[in-house]
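Below, each chain spelled out in residue letters.
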Amino acid sequence: MPKIKRVLVLHHSHIDIGYTERQEKIEWDHIEYIRQVLSILRSGSNEKKKRYSAFRWNCENLWAVEKFLQSADRQEQTDFINFAQERRIGISGNYLNSTDLIDGRILHDQLSAAINSINSLGIRTTTAMTADVNGYGWGYTDILYENGIRNLLSCVHTHHGMYPLRRNQQPFIWISPKGNELLVWNGEHYFIGNELGLSDDSIESYIIRDGRIENKLPIDRLRAERVHNYLDHLERSGYAFDFVPVTVSGFNSDNAPPNPQIVSNIEEWNSQYGDSVVMEMATIDDLFDALEKYRDSIPKYSGDWTDWWADGVGSTPLTVKQFRQAQRKYNLCKALVPSLRSQRIAEAAYNINLYAEHTWGYSASVSHPWKSMVNLLESRKNAYAINADAAVSRELDEIAAAYGATPHGLGKELYLLCKNPHTRPMTLPIQVPMEHLSMGAIRIYDPDTGVEYQHQIETASRGYIIHLIISLAPGELKRLKIDEKGSGFDSTSVVTSTMGLDGIHDLHANDLSDFAGYFENDFFQLEIERGNGIRSLIDKRRGRELTKSEDSYAPWTPIYERTQTEDDQRTVRRRMGRNRKAMSTTRIVGQLIDVRVEETGPVYTELMLEYSLTGTSFCAVSLRVFNALPLIFTSLQLHKESIWDPENLYLTLPFTTGDADEELWIDKTGAVLRPRIDQLPGSCTDFYSVQQGAALISDTASIFIGLPDTPLITLGSLDPHPIRLSGDPELRNRDELYAWVMNNFWETNFKASLGGFHEYQYTLSLGELDPQNLFAAQSDAAAGFMVAKSFPDTTEAD
């Protein structure tokens, strides 16, 4: 076994946008840090400062490179390009340290644009670096590979988390969903070099537990002892390489500047110990060059590197909802115009990537939530989602206008434009808001064929919403006419017809004016029990119960948890560890106190279930059961009280096809997978951040559970329990399933208060058996049709 002969010191600044300072200040800092690096490298040609010729720097993300090049003058750009080509500056082929919130297509678009930009300057990168983030979606491998990246250095932070493969400082070959291979170095915490003493005045004992700092041991002696002890530890643990990478920051903080003193510390080490172990500054490409000779002996693994920090998205659920809406509109725009390259779509992609970046707030968000910096930085973070939604909404409006959409035109005829931009035929419910609808029954029909469409009119806060179901072929654009029909306002506007849908016939909802806890249509039979909630949900076509009888909670039941504490708010959260709760956590299950029929008509019936739930002053779940589709829309509505203690809110999802061979599938960034099966060994198995939702699939049936607004799911018992990692034979893929609606668990930078008014949508549908096709179809359905109103002049309509 080779003895460690080289220590590769990888100097970088960890990019954490909004954790330590204002987001725009952090952007400016990282631009200036690269300028400082150029100054240090230029000084290496000066005889008095020749030592700095050994200085190396690694740009952790392409975002910082992009920002620098946009602000640099011609000489700075030239120097940067030259130093990068000489490999004195390492360029990471990773745009930002992202969460699983990011949609695969949008991440690919942003990364591709950034890599193409630096390639055009003659800079090539085949290596990506990330720091701090505790996992990556499996599809991230293919996104990197398709953009020319072949290597990945991961410096995860295991606070409330864990390394995959159950150890760090080890390489593996990560096989992607498409069979591509990415060489990964599963490294140490990104501050390990600081704790070893390579950067003066920053040595601590966060990673290395060592009380001698308090004894004020001389820095050079402490550095020597720690480095030797660290190398000895690796060798005793079976470390199989003659080099080891060590990442170091300018000082022990995120967003830190470059530190030229590291060169002197390395020189001092080499003068004393260089005969046995040489230390040298290196780039990320140098690391993988050193690893290449070992490639044939490196093990291969496939599966998801499940993120232990995915729960951060649950601390800002309202903004995440808007963010996910922006992603769906982005994908709709791209489906309508595949070659779209507008300024607005680029602005949307940029802001989407910035919001999905892993920093969820200022470092004092939990300990001092009243501080101005906490709230101002939260507003800036939210602005990324808001600006993305605004930009892509404007783009969608312009595309719709090209198809004939117009503003309201009083006294003009009204047409409805529906475009299916996807490559599959689709049947979807659509909503048409109408602020100016005359008080008369309406008629909706295809003027080319005369076919009429059933519809249902909902009274809204400003006017009305027309609901109907429409089928469109791939690429089809349908223009429907909306005419007045009669003088009395009809809230359902029943039109007896086949609705123009193949195989879908007229259905009439039950008369539920005297609702007694029972509902039935052609697809579902539903029973509701006071106190307990939904007692039964039956798939009538198969004659199967869709709820798991062994579960103690009824479907779509809200559950609230709170951990009251007499300690400070950071301490109680820190002690929770990987469980995200404590033995003292109190759990309250919502109690059903009222059920009423909100609406019933030819398109859907809506039931409103009101619950009594601690932590809320109002809590209700609406079920919109469609007549012509095996589809239920669920809406969780609540007024959440503001509570500083650690909290969790869940919604139960105890569904099953009833088949013994069913498996649970989810879709994450760029990949469809089975949790607890398609994962790297030693990864997280308690919760996941999904894109469209989750599906239970057997050989003969499937249930799709859509989560358009809140992406987190939890799997397994809600009780505190021993943490089981992927690969544990006792884990079940089909375990208790919950939507994790919100939480404020983390002790530093989660939003402390979850209070306010909230509404979050969920869906349940039956059908497709192939996992890949199912999630692709659901992704298209989530983006939906382009739906717009047109008030053309009569001559134009004719």
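Going by the structure above, here's the rest.
The text that follows walks through the structure, step by step, so that each part is easy to find. (Residues numbered from 1 in each chain as written. Predicted model: local features only at pLDDT ≥ 70, side-chain atom pairs only at ≥ 80, totals over all residues. Heavy atoms only, no water.)

At their nearest, the axes of helix α7 (residues 219-236) and helix α8 (residues 261-273) sit 12 Å apart, and the two run at 70 degrees to each other. Of the possible angle classes, the one that applies to α7 and α8 is roughly perpendicular. Of the two possible hands of crossing, α7 and α8 adopt the one that is right-handed. Where α7 abuts α8, its residues D220, R223, A224, V227 and H228 lie against N265, E268, W269 and Y273. (Axes fitted to C-alpha atoms, helices over the stretch in contact; angles between N-to-C directions. Helix = DSSP H or I, 4+ residues; strand = E, 2+ residues; numbered from the N terminus. Parallel < 35°, antiparallel > 145°, perpendicular 65-115°, else oblique. Left-handed = near helix turned anticlockwise from the far one by under 90°. Contact = heavy atoms within 4.5 Å.)

The next thing to look at is the packing of helix α11 (residues 343-356) against helix α12 (residues 372-402). Close contact between α11 and α12 brings their axes to 8 Å; oriented N to C, the two are set at 155 degrees. Relative to α12, the element α11 is oriented roughly antiparallel. With respect to the hand of their crossing, α11 and α12 are arranged in left-handed fashion. Here R344, I345, E347, A348, N351, I352, L354 and Y355 of α11 come into contact with α12, specifically with K381, N382, Y384, A385, N387, A388, A391, V392, R394, E395 and E398.

Right, let's talk about the side chain of R676 for a bit. Following the sequence through the fold, R676 ends up in the loop between β30 (671-673) and β31 (687-689). R676 sits in the buried class, given a relative accessible area of 11%. Within the local environment of R676, its side chain forms a polar contact with the backbone oxygen of L715, the two atoms lying 2.9 Å apart. A distance of 2.9 Å separates a polar atom in the side chain of R676 from a polar atom in the side chain of D735. Residues contacting R676, with those up to four places away along its chain left out, are T685, D686, Y688, L715, G716, L731, R732 and D735. (Buried < 20%, exposed > 50% of the residue type's maximum accessible area, 1.4 Å probe, protein only. Polar contact = N/O pair within 3.5 Å; in protein donor to acceptor, adjacent residues only side chain to side chain.)

Turning our eyes to something else, we now look at the packing of aromatic side chains. Evaluated as defined, the whole model comprises 31 aromatic pairs. Judged by centre distance (5.2 Å) and plane angle (35 degrees), the ring pair of F323 and Y355 falls under tilted. Taken together, the residues span a long stretch of sequence, with F323 in helix α10 (residues 317-336) and Y355 in helix α11 at a distance of 32 residues. We classify F323 as buried; its relative accessible area is 0%. Through pairs of rings, three or more aromatic residues link up here, namely Y136, Y140, F172, W174, Y301 and W305. (Phe/Tyr/Trp six-rings, centres within 6.5 Å; stacked < 30°, edge-to-face > 60°.)

Phi at H160 takes a positive value of approximately 60 degrees, unusual for a residue other than glycine. Assignment of secondary structure puts H160 in the loop between β5 (151-156) and β6 (170-175). Here H160 falls in the buried class, since its relative accessible area comes to 5%. In the Ramachandran plot, R676 falls in the positive-phi region, its phi being about 70 degrees despite a non-glycine side chain.

Quick look at the environment of I466 now. Its place among the elements puts I466 in strand β16 (residues 463-472). On the basis of relative accessibility, which here comes to 0%, the residue I466 falls in the buried class. Each C-alpha atom of the pair I466 and H455 lies 6.7 Å from the other, and the pair is eleven residues apart in sequence. Apart from the residues lying within four places of it in its own chain, the contact partners of I466 are I430, Q431, V432, M434, I442, I444, H455, Q456, I457 and I482.

Next up on the list: the sheet that holds strand β23 (residues 586-589). Overall, antiparallel pairing links the six strands, which are arranged β23-β22-β28-β35-β34-β31 in an open sheet. Looking at the sheet topology across the chains shown, the edges are occupied by β23 and β31. On average, adjacent strands in this sheet sit at an angle of 30 degrees to one another, irrespective of strand direction. Across five bridges, strand β22 (residues 558-562) lies against strand β28 (residues 647-652) in antiparallel orientation. Across the sheet, P558 pairs through a bridge with L651, a residue of β28. (Pairing = 2+ DSSP bridges.)

One open sheet accounts for nine strands, arranged β24-β25-β26-β27-β36-β33-β32-β29-β30; its pairing is antiparallel. Strand pairing shows two members of the sheet lacking a second neighbour, β24 (591-600) and β30, which therefore form its edges. Recorded for the sheet is a direction-independent mean angle of 20 degrees between the axes of neighbouring strands. Pairing geometry for strand β29 (residues 663-668) and strand β32 (residues 693-697), over four bridges, is antiparallel.

In this section: the pattern of salt bridges. Evaluation of the coordinates by the stated rule reveals 56 salt bridges. Taking the shortest distance from any N to any O, the salt bridge between E235 and K3 comes out at 3.8 Å. Residue E235 is located in helix α7, and its partner K3 is located in the segment before β1 (6-11); the two are separated by 232 residues in the primary sequence. Overall, K3 belongs to the partly exposed group, its relative accessible area being 45%. We note a salt bridge from R596 to E598, for which the minimum N-O separation is 2.9 Å. Looking at R596, the relative accessible area reads 30%, which means it is partly exposed. The network of salt bridges with common partners includes E21, R22, E24 and R380. (Salt bridge = Lys/Arg side-chain N within 4 Å of Asp/Glu carboxyl O.)

The next thing to look at is the pairing of strand β12 (residues 426-434). Only one face of β12 is covered, namely the one carrying M426, L428, I430, V432 and M434; the face carrying T427, P429, Q431 and P433 has none of its residues buried. Sheet analysis places β12 next to β16, joined by nine bridges and oriented antiparallel. Its bridge partner lying in β16, M434 is registered against Y464.

Here the focus is the environment of L526. Mapped onto the elements, L526 comes out in strand β19 (residues 524-529). We classify L526 as buried; its relative accessible area is 3%. Separated by 377 residues in sequence, L526 and I149 have C-alpha atoms that sit 51 Å apart. Residues within four places of L526 in sequence aside, it is in contact with G517, Y518, F519, I534, S536, L537, L607 and L623.

It is worth spelling out α10 at this point. Relative to the 28 Å expected for 20 residues at 1.5 Å per residue, α10 spans 29 Å between its end C-alpha atoms, a close match to the ideal helical length. The buried fraction of α10 amounts to 14 of the 20 residues, a majority that puts the element mostly inside the structure. (Expected span 1.5 Å × (residues − 1).)

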